[in-house]
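Fold and geometry: a report
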Amino acid sequence: MAEYLRRMPLSGETFQSRSTLWSFLKLDPWLFGGLVVLAGFGLTVLNSAVDGSSAAIQRQSIYLLIGFIVMLVAAQIPVYRYARLAPWMYLAGMLSLIAVLVIGVGAKGAQRWLALGGFRFQPSEIMKLAVPLTIAWYLAKRSLPPNPKYVAATLFLMGLPAVFIFLQPDLGTAILVAVSGFFVLFLAGLSWRYIATALTLVLVSLWPLWSFVMKDYQRQRVLTLLNPESDRLGAGWNIIQSKTAIGSGGWSGKGYMQGTQSLLDFLPESNTDFIIAVLAEEYGLHGVLWLVLLYLFICLRGFWISYNASSTYGRLVAASITLTFFVYVFVNMGMVAGILPVVGVPLPLVSAGGTSIVTLLAGFGILMAISQDKRQVN
Amino acid sequence: MAADRNLLKDPHREGRIFAERLVIALVVFTVMLGVIVIRYYHLQIVDHAIYATQSDQNRLQTQPLPPRRGLIRDRAGRLIAENEPSFVLSVVVERTGGLDTILERLKRIVDLTDDDIEAFQKRRPSTRPYAPVPLKFRISEEDRARIAVNSHILPGVEIEAQLIRAYPLADLFAHAVGYVGRINERELQTLPEGPYEGTFHIGKTGIEKYYENVLLGQAGVQTVETDARGRIMRLVEKTPPVPGGDLVLSLDVDLQLAAAQALDGKRGAVVAIDPRDGGVLALYSSPSFDPNDFVNGISYQKYGELRDSPDVPLFNRALQGQYPPGSTVKPAIGLAGLHLGLVTAKTTIADPGWYMMPGDDRRYRDWVLRIRGTGHADRVDLHMAIAESCDVYFYDLARVMTVDRMHDFLKHFNLGSYTGVDTTNERPGVLPSSEWKLKNRGKPWYPGETLSVGIGQGYMLATPLQLALMTSALANRGYAYKPSLVASVDGVPNQPERLQLPEIEPSHWRTVIEGMEAVVHQRSGTAHAMAKGLKYRVASKTGTAQVIGIGQDEEYDEDDIAERHRNHGLFVAFAPIEAPTIAIAVIVENGGGSSAAVPVARAVMDAWLANPGKGAAREGVARSG
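Residues numbered from 1 in each chain as written. Chains lettered and ligands numbered in written order. Predicted model: local features only at pLDDT ≥ 70, side-chain atom pairs only at ≥ 80, totals over all residues. Heavy atoms only, no water.

Residues and elements named next belong to chain B. Strand order in the open sheet formed by 5 strands is S12-S11-S23-S22-S21, and the pairing between neighbours is antiparallel. On the outer flanks of this sheet lie strand S12 (280-286) and strand S21 (539-545), each paired with one strand and no other. Each strand axis lies, on average, 5° off the axis of its neighbour in the sheet, ignoring direction. Where strand S11 (residues 268-273) lies against strand S23 (residues 582-588), 6 bridges are found, and the strand directions are antiparallel. Counterpart to Ile-273 in the pairing with S23 is Ala-583. In the packing of helix H25 (residues 598-609) onto the sheet, the strands contacted are S11, S12, S21, strand S22 (568-575) and S23, and the crossing angle to S23 comes to about 150°. (Pairing = 2+ DSSP bridges. Helix = DSSP H or I, 4+ residues; strand = E, 2+ residues; numbered from the N terminus. Axes fitted to C-alpha atoms, helices over the stretch in contact; angles between N-to-C directions. Contact = heavy atoms within 4.5 Å.)

What follows is the structure, given as structure tokens:
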């Protein structure tokens, strides 16, 4: 640990311009190293989850490669440019969200994608970055802690896309987008009074939310969470099977490529949202702990970068991205283990799926840019 | 505005707030991480055993391996009941991606009724996900090909092979062998679970039911690793099933066929027994039905037709039909007279064509009175009484004998009680006595009733099987073997039970059997018509059973009477006389008289005796008696 601390790059003001490879690439070596190890570990687990299908592994490798290139590019952009770009990104994101509702394509009763000449993308993914960037841009210019007017404006900025995403419908992403905006507000010093009021409001609105807003399948998921045995073969199936996979792994697991739950297809979505169950089954608790440590390392490094950021904007963005990343991990591991309702949240950098990898790594690219930012914006 | 905001900004305060909030976030972060780790620790370490078991239960399936049901063959080894591979169409609902669409498509490819679909929907709730649900049984070769060709538009549709009971000879053995059917709700509750694991059929009637334990076999079991779709990935452990025991019947396809052809759809029954071992050579009840219809459940329409038919084809006349035996009991009663010393072979009585009891002015008519206007002859002895079926002789003998002595003697022929044949639904018939009447009718016996019993009428009832058994006791001159349909189980011969009559003078036997021989071989015999072209000597007795009562001075006129009120025709016989190998009883309902039954018996006996390969004694049985 001492070694780790000693070798931490110094904060912006005393940063000495050494022409190392890392500063040339504008990358944080610790964060970068953590991400690469995570990606490699993820690929290994995925290889078992897809039962050695080389096509799936190739596809995931390509996504990771694109993701890391995007990260490298994002790291090159100076932090102040993000501040200026943010509102435009937000605007573009909102427009495409509206477009999704009108001309979007999708599956299973939800419209989530925009098709652009054979290429499909999910505008809600853009918003996962655009919302914290924009809110940070809005708040960093203002005197903090924010006064009621600013809080209201911020809530509007995060609420608007959340509502549109909710209409797709995609409750999970809507909440995550709102949460990423909320983190910025919280870190900017949102008064505890507001937080207390908000919490009360949420508790009070639970009943109308349950009765009028939530769709049947969403209610079903919550009910299933509370008692998966009530619907063993239907909605409860996923949870029962994932808990069985995790529990049967024990301390040391059934061995790589030996997970019966995943290989015999009892575990649903084993290469996407439920991939942690494959890891837990094959590597056991000790594999889960290694992964948790890896995530912990990346998050701590993210917090360190945010703590040392040279501008309020950088601080807010870096901490918000890191917290959101952690929330992904928490929600995913929680839902697979049966303590949170099943919402479509992938396990960051391990689950198969292109858009989320690229968005996540773009976010870390911004974190890299912040870590290398020597300029005091104010 | 921008300047204002900047003026109000306090970077140090902002930094302090941020640091403070970051610490709070870190605390929350740590708590959340702790929750996750504790949760995984709980699942993977604390409850590991529970989930490990659950995981094994998931992947390891114990599948029953149903045994092959035992085969049933006739005495020459020809298959009577076998197991045919049959194809079942099933659907894995989870893989169809829209059940309604698939059912619509299937309807266009194969013949699917609403009943099929309704039954299918009922089976669904009890099936686990990704397990096939049966939709239609007995898929034809053609349908199978059509489904295979269209399999790309029929995801989740599967065809499985099962062994289904089949009766290649259709209606020929329906009553003799019975049939299997699907295990029903009621049976499911009473059956032991283990032996029927994976078996869907059970013997419902006849030999199939009586020998159920032998035919069933022992279920095996295999443990396999399956995936979530129920596909078998690997065999872990296997105990193979033990196939059911094969039965060889004493029945003969050729005799059965001869009986069926001779009866030609008329209501009636034939039972033939080999007197040397009690093996039943033929057991046919007409009209018959196709047992194959019952195996997978008969349709309501078909069942309704069978049930409501006036000819009651489901009724097993050979075992359940209780008929007045008529004159066919005369040889046995004659034997009783000789044995009890009531008459001798030389005793004669006057025969005016009717009989009157002392002190009673009622006239008991002889059947010839209507035809000849007089009796058989002035004086009639036992030989003539049997050959020409003289009623007056037996009226007198019965009166002298009394009903209870008659009962005690005929009891030795197993009349009035179950023969114990190895199949289901046998009826016992009635051998009346004064005690019987008091018990069952609550009235004392009237002497006039004895006369009716003396000619096999009145309260007396017997099944064709009982008559055949009686005949085989006559054939053996004093003993018989209880009838058995199954000759051997898995190669082990059934040991027949012996029916022993009391010791009777050989001359008495000779007298009675000579009388029976005269029935066919003497010009005046009642079945002399049968003698034409006959290659063996036969001892027999004709019989006629009244269906409606005729008043004492009324006449029975066949033409005036509705077909269903005509007399039943009966005939019992054994041959060859000196070393009998077949004893037979035939009844033709409403045949008018015995003339309807005689040709049927002739056809069956010809099939047995005229064929050099037939008539061989069953090994190890005949010699033991």
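Residue and element names in this part refer to chain B. Split into domains, chain B comes out as domain 1 (62-249) and domain 2 (253-289 + 316-609). The partner domain 2 presents 25 residues to the 24 residues of domain 1 that form the contact. Carbon and sulfur atoms make up 61% of the surface buried where domain 1 meets domain 2, a total of about 2100 Å² over both sides. Where domain 1 meets domain 2, there are 1 salt bridge. Of the charged contacts, one joins Asp-254 and Arg-78 as a salt bridge, the two residues approaching to 3.2 Å between their closest N and O atoms. Counting across the domain 1 and domain 2 interface gives 13 residue pairs in polar contact (both at pLDDT 80 or more). Sorting the residues of the side of domain 1 that touches domain 2 by element identifies helix H8 (174-177), helix H10 (206-210) and strand S10 (247-249) as the ones contributing at least two each. With 4 residues, H10 is the single largest residue contributor to the side of domain 1 that touches domain 2. (Domains from an automatic or database assignment. Buried area = accessible area lost by both parts, 1.4 Å probe. Salt bridge = Lys/Arg side-chain N within 4 Å of Asp/Glu carboxyl O. Polar contact = N/O pair within 3.5 Å; in protein donor to acceptor, adjacent residues only side chain to side chain.)

Take the interface of chain A and chain B next. At the junction of the two partners, chain A supplies 61 residues and chain B supplies 44 residues. Both sides together, the interface formed by chain A and chain B hides about 4500 Å², and carbon and sulfur atoms give 70% of it. Together, Leu264(A), Phe266(A) and Phe326(A) form the three largest contributors to the area buried by chain A at its contact with chain B, with a combined 13%. The tally of links between chain A and chain B comes to 0 salt bridges. Per-element accounting of the side of chain A that touches chain B gives the leading share, 13 residues, to helix H13 (residues 275-307) of chain A. Its residues assigned to classes, the side of chain A that touches chain B shows 38 nonpolar, 17 polar and 6 charged. (Nonpolar A, V, L, I, M, F, W, Y, C, P; charged D, E, K, R; others polar.)

Taken as a whole and assessed by the stated rule, the structure comprises 31 salt bridges over all chains. Here Asp28(A) and Arg301(A) are joined by a salt bridge, their closest N and O atoms 2.7 Å apart. Of this pair, Asp28(A) sits in the loop between helix H2 (21-25) and helix H3 (29-49) while Arg301(A) sits in helix H13, and the two are 273 residues apart along the sequence. Each member of the pair Asp28(A) and Arg301(A) is classed as buried. The residue Glu578(B) makes a salt bridge to Arg477(B) at a minimum N-O spacing of 3.9 Å. Of this pair, Glu578(B) sits in the loop between S22 and S23 while Arg477(B) sits in the loop between helix H23 (464-475) and strand S17 (479-481), and the two are 101 residues apart along the sequence. A residue is classified by how much of its surface remains accessible, and Glu578(B), at 68% relative accessible area, is exposed. The partly exposed category is assigned to Arg477(B), whose relative accessible area is 28%. In the salt-bridge network here, residues are joined through shared partners; they are Asp56(B), Arg59(B), Glu225(B) and Arg234(B). (Buried < 20%, exposed > 50% of the residue type's maximum accessible area, 1.4 Å probe, protein only.)

Residues and elements named next belong to chain A. Running from amino to carboxyl end, H13 crosses helix H14 (residues 312-336) at an angle of 165°, the nearest separation of the two axes being 9 Å. Comparing the axis directions of H13 and H14 gives the class roughly antiparallel. In this structure, H13 meets H14 at a crossing whose hand is left-handed. Taken together, the residues of H14 that come into contact with H13 (itself represented by Ile-276, Ala-277, Val-288, Val-292, Tyr-295, Ile-298, Cys-299, Gly-302, Phe-303 and Ser-306) are Arg-315, Ala-318, Ala-319, Thr-322, Leu-323, Phe-325, Phe-326, Val-329, Asn-332, Met-333 and Val-336. (Parallel < 35°, antiparallel > 145°, perpendicular 65-115°, else oblique. Left-handed = near helix turned anticlockwise from the far one by under 90°.)

All names here are of chain B. Within the fold, Val-400 resides in helix H19 (residues 391-401). Val-400 sits 63 residues away from Gly-337 along the chain, and the two C-alpha atoms are 9.0 Å apart. Those residues in contact with Val-400 that sit more than four places away from it in its chain are Leu-342 and Arg-405.

Turning our attention to the confidence of the model for chain B. Residue and element names in this part refer to chain B. Scored by pLDDT, chain B comes out at a mean of 88, with 92% of its residues at no less than 70. Within chain B, the lowest mean pLDDT, 48, falls on helix H1 (residues 2-8), and the highest, 97, falls on H23. Low pLDDT, under 50, characterises residues 1-7; the stretch is placed with 4 contacts to residues that sit more than four places away or in other chains. Low pLDDT (under 50) marks residues 617-625, which in the prediction has 17 contacts with non-local residues, meaning those over four places away or in another chain. (pLDDT = per-residue confidence, 0-100.)

At a minimum axis distance of 11 Å, the contact between H13(A) and helix H2 (residues 11-46) of chain B shows a crossing angle of 175°. In terms of orientation, H13(A) and H2(B) fall into the roughly antiparallel class. Residue composition of the contact of H13(A) with H2(B), grouped by class: 21 nonpolar, 3 polar and no charged.

To continue, consider the confidence of the model for chain A. Across chain A, pLDDT averages 85, with 89% of residues at or above 70. Confidence drops under pLDDT 50 across residues 1-17 of chain A; counting only partners more than four residues distant or on other chains, this segment forms 14 contacts.

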